[in-house]
Amino acid sequence: MRFSDEFLTELRSRVDIEELVGRYTEIRHRGSRTPVALCPFHTEKTPSFVIYRENQSYYCFGCGAGGDAITFVKNIERLDYVEAVRYLCERVGMNMPMDPVDDQYNKLRRRCFEANREAAKFFYSRLLSEEGAPAREYLKKRRLTDETVKHFGLGYAPDRWDSLLKYLRSKGYRDDELVSFDLARKTSRGGTIDAFRNRLMFPIIDLRGNVIAFGGRVLDDSKPKYLNTSDTVVYKKSQGVYALNFAKNNNDGRLILCEGYMDVIAMHQAGFTNAVAGLGTAFTQEQISLLSRYCTELTLCFDSDEAGVKATNRALKMLEHAPMKLRVMHLDGGKDPDEIIKTQGKERMDQIIGSAMNDTEFALDRIRKKYDTATEDGKLNYMNEAVEVLAEIGNEIERDLYTSRLASETGIEKQALEAQISKARRARGRKQKQKEFENALEIVREGSDVKSPNPQKRQFRRACAAEEIILASLLKHPDYLRKLKDKLSEDVFVTDYNKRYFRDLSSRIREGRSLDLSVFNETGDNEEMAYLSYLLAKGDSLADSLTECEQCIQTLLSEKTKADAPNVGKMSNDEFRALFRKNKP
Ligand SMILES: [Zn+2]
């Protein structure tokens, strides 16, 4: 074991999970037994992130995130287990007990970081070499300076099958490692080849300066245009944001979200060092929550072509409940930022950024384009939809401004518009209240079990509910195991998932080990921690009675007979007769 139970319990007692979480999201009902907050791991309008002060745990009934302070730090700061423990130690002024022994997983992660760094160095050296001439030619065409190339660590993957492989083998890396780091790939014939060949290479760097992945762009028109590292031990493409390592220090709370690597690089070179991009996939909630920690205003800067407009709309939809202001750039006179900077200069780009529409203006603009406002019908449709948009605006002054503008634009009396908007706002408020109420009800009742990691939950709903109560009771009252020893064994469990947890919990209880969440954290993954937190949350609302557990065992026994009962409809005639004979008294 890496850290002793005593150490972890001490750390846990010094960390206040409410205070910790409060640094990332606003907490409501502060100081109460179960404060709630807007979940920092998914975007939501009504809080479903509950903190259990007694257990020092949290559970989100919206997305199923859960755990203790260590899990929280791990996920929000994207640290591994040991790093998260160190982070918390530093916060509360405790010493790390010793240099923790590396486990397999952390060793692998470190090796992956090192291999990636070596690869980046190799690609950079190839770019400067003779064989890198075509890539240098391309960069020259895109007018990237040597400084920019170096700043972003761009490189070139040679047009050969195994140049990086040979290099990394000489540094002591094995083929199977390189395949798992996605630097090399297996061929159908069982050989190993470089994952990236004849491509311009963009290293992807995390917030701590580690090279975690690569994007590779072709130099001609071949496909795919971009090739990216798949998910590895150090990289999840749904989580990363390109160039955030630079942009996080160079913005005044504003970030510009571009479509691709080249856009970002062109922007930085022109002095817009707050530009970032997603990593070649659709924009995700994880990326939004990461961005929201570094900006209060996000400007979308996507291509002006049809695909770009579609991407803008998709992103706006994702960002609907995001906690930052949104603006949308209108790139007229050029397809992408790179082109505008090249043909019209960075002053023009500056103007475009300055005149970016906010999300209200963008929404109104879209509606306006849908209708022919020269006709009465078109004007009416435009007004009806615009009223819905204006009703969304929380700030009164802002709302009034847009109402005046809409009035003069459509020639409709401002007072009439105001009446419409208040009506829409009242309806909206009722809907919102109803939703909050339903949400709260659901949390109290059952928690949304849609997210249950138990694959058999749908099939055995009743049994699952009973199993969860038993597990939750055991976590809260380990002595129940002894008190129920004649009735409770793993055979009682219907679903394999809960059976596994029972097995683990009961052996811990028998060995007299701690059931504290921080102890599970060492071996438990996110899913396990979230599930245990879910059980703790459930335990919080239990009546605390042995009788309840006994009833649950009864439920399980009767559900088990049902689960084991043969499906008569699917039997052959012989089987059916045999069953009949067996059951005859
Ligand atoms: Zn959540």
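Residues numbered from 1 in each chain as written. Predicted model: local features only at pLDDT ≥ 70, side-chain atom pairs only at ≥ 80, totals over all residues.

Scanning the protein chain from N- to C-terminus turns up 25 helices and 16 strands. Once the C-alpha set of the protein chain is aligned to its principal axes, its extents read approximately 90 × 75 × 65 Å. Across the 585 residues of the protein chain, 36% fall into the buried class. In the protein chain, 63% of the contacts between residues at least 6 apart in sequence involve partners at least 24 apart. (Helix = DSSP H or I, 4+ residues; strand = E, 2+ residues; numbered from the N terminus. Buried ≥ 20, exposed ≤ 12 C-beta atoms within 10 Å, placed from the backbone. Contact = placed C-beta atoms within 7 Å.)

We now examine helix 3 (residues 69–76). For helix 3, a buried count of seven out of eight residues is recorded, marking the element as mostly surrounded by other parts of the structure. Of the residues making up helix 3, those classed as buried are Ala 69, Ile 70, Thr 71, Phe 72, Val 73, Lys 74 and Ile 76.

Let us look at the packing of helix 3 against helix 4 (residues 81–92). Running from amino to carboxyl end, helix 3 crosses helix 4 at an angle of 110°, the nearest separation of the two axes being 9 Å. It follows that helix 3 is roughly perpendicular to helix 4 by the angle criterion. Seen from helix 3, the contacting residues are Ala 69, Ile 70, Val 73 and Lys 74; seen from helix 4, they are Tyr 81, Ala 84, Val 85, Tyr 87 and Leu 88. Of the residues contributing to the contact of helix 3 with helix 4, the split by class is eight nonpolar, no polar and one charged. (Axes fitted to C-alpha atoms, helices over the stretch in contact; angles between N-to-C directions. Parallel < 35°, antiparallel > 145°, perpendicular 65-115°, else oblique. Nonpolar A, V, L, I, M, F, W, Y, C, P; charged D, E, K, R; others polar.)

What follows covers the sheet that holds strand 13 (residues 275–277). The mixed open sheet is built from five strands, whose spatial order is 13-12-14-15-16. On the outer flanks of this sheet lie strand 13 and strand 16 (357–358), each paired with one strand and no other. Its contacts with the sheet put helix 11 (residues 261–269) on strand 12 (254–258) and strand 13, and the angle it makes with strand 13 is roughly 170°. (Pairing = 2+ DSSP bridges.)

On to the packing of helix 16 (residues 376–391) against helix 17 (residues 396–410), then. Interhelical geometry of helix 16 versus helix 17 gives an angle of 175° and a closest axis separation of 11 Å. What the angle tells us is that helix 16 and helix 17 run roughly antiparallel. Contacts between helix 16 and helix 17 involve Lys 379, Tyr 382, Met 383, Ala 386 and Leu 390 from the former and Arg 399, Tyr 402, Thr 403, Leu 406 and Thr 410 from the latter. Here the contact of helix 16 with helix 17 is composed, by residue class, of six nonpolar, two polar and two charged.

For the bond running from Lys 223 to Pro 224, omega is -5°, close enough to zero to count as cis. Even without being glycine, Gln 56 reaches a positive phi, approximately 55°. Tracing the backbone through its elements, the reader meets Gln 56 in the loop between strand 3 (49–52) and strand 4 (57–60). Not every positive phi belongs to a glycine, and Arg 143 is a case in point at roughly 60°.

With that settled, consider the domain arrangement of the protein chain. Per the domain assignment, the segments making up the protein chain are domain 1 (5–92), domain 2 (104–228), domain 3 (244–351), domain 4 (371–445) and domain 5 (450–569). Distance between the C-alpha centres of domain 1 and domain 3: 31 Å. With six residues of domain 1 in contact, the opposing surface of domain 3 contributes five residues. Across the side of domain 1 that touches domain 3, the residue classes break down as two nonpolar, two polar and two charged. (Domains from an automatic or database assignment.)

A word on the environment of Gly 209. By the secondary structure assignment, Gly 209 is in the loop between strand 9 (199–205) and strand 10 (211–218). With 9 C-beta atoms counted inside 10 Å, the residue Gly 209 sits in the exposed group. Placed 37 residues apart in sequence, Gly 209 and Phe 246 show a C-alpha to C-alpha distance of 9.6 Å.

Note that soluble globular proteins tend to have their nonpolar side chains buried in a common cluster. Counting 76 residues, the largest nonpolar core has Val 264 and Val 276 as the members making the most contacts within it. Considering each element in turn, this core owes the most residues, seven residues, to helix 5 (residues 104–128). Of the domains in this structure, domain 2 (104–228) and domain 3 (244–351) are the two that each give at least three residues to this core. Not counting the four nearest positions on each side in its chain, Val 264 is found in contact with Tyr 242, Ala 243, Cys 258, Ala 275, Val 276 and Ala 277. (Core = buried A, V, L, I, M, F, W, Y, C linked by C-beta atoms within 7 Å.)

Our focus in this paragraph is the pairing of strand 3. The alternating pattern of strand 3 places Phe 49 and Ile 51 on one face and Val 50 and Tyr 52 on the opposite face, and all of these are buried. Relative to strand 3, strand 2 (residues 36–37) runs antiparallel, the two sharing two bridges. Directly across from Val 36, in strand 3, lies its bridge partner Val 50. In this sheet, strand 4 lies alongside strand 3 in antiparallel orientation, the contact comprising four bridges. Bridged to Ile 51 within strand 4 is Tyr 58. A loop of four residues connects strand 3 with strand 4, the two strands running antiparallel in sequence, and Gln 56 in this loop sits at a positive phi of about 55°.

Overall, antiparallel pairing links the five strands, which are arranged 1-2-3-4-5 in an open sheet. Two strands in the sheet have a free side with no partner beyond their single neighbour: strand 1 (27–28) and strand 5 (66–68). Across the sheet, helix 23 (residues 526–540) is in contact with strand 3, strand 4 and strand 5; its angle to strand 5 comes to roughly 90°.

Bringing the pairing of strand 14 (residues 297–301) into the picture now. By the criterion of burial, strand 14 is predominantly enclosed, with four of the five residues buried. Here strand 14 runs beside strand 15 (residues 325–328); their pairing, made up of four bridges, is parallel. Its bridge partner being in strand 15, Thr 299 is matched across the sheet by Arg 327. Each parallel crossover has a hand, and for strand 14 linked through helix 13 (residues 306–318) to strand 15 it is right-handed. (Right-handed = clockwise from strand over helix to strand, strands pointing away.)

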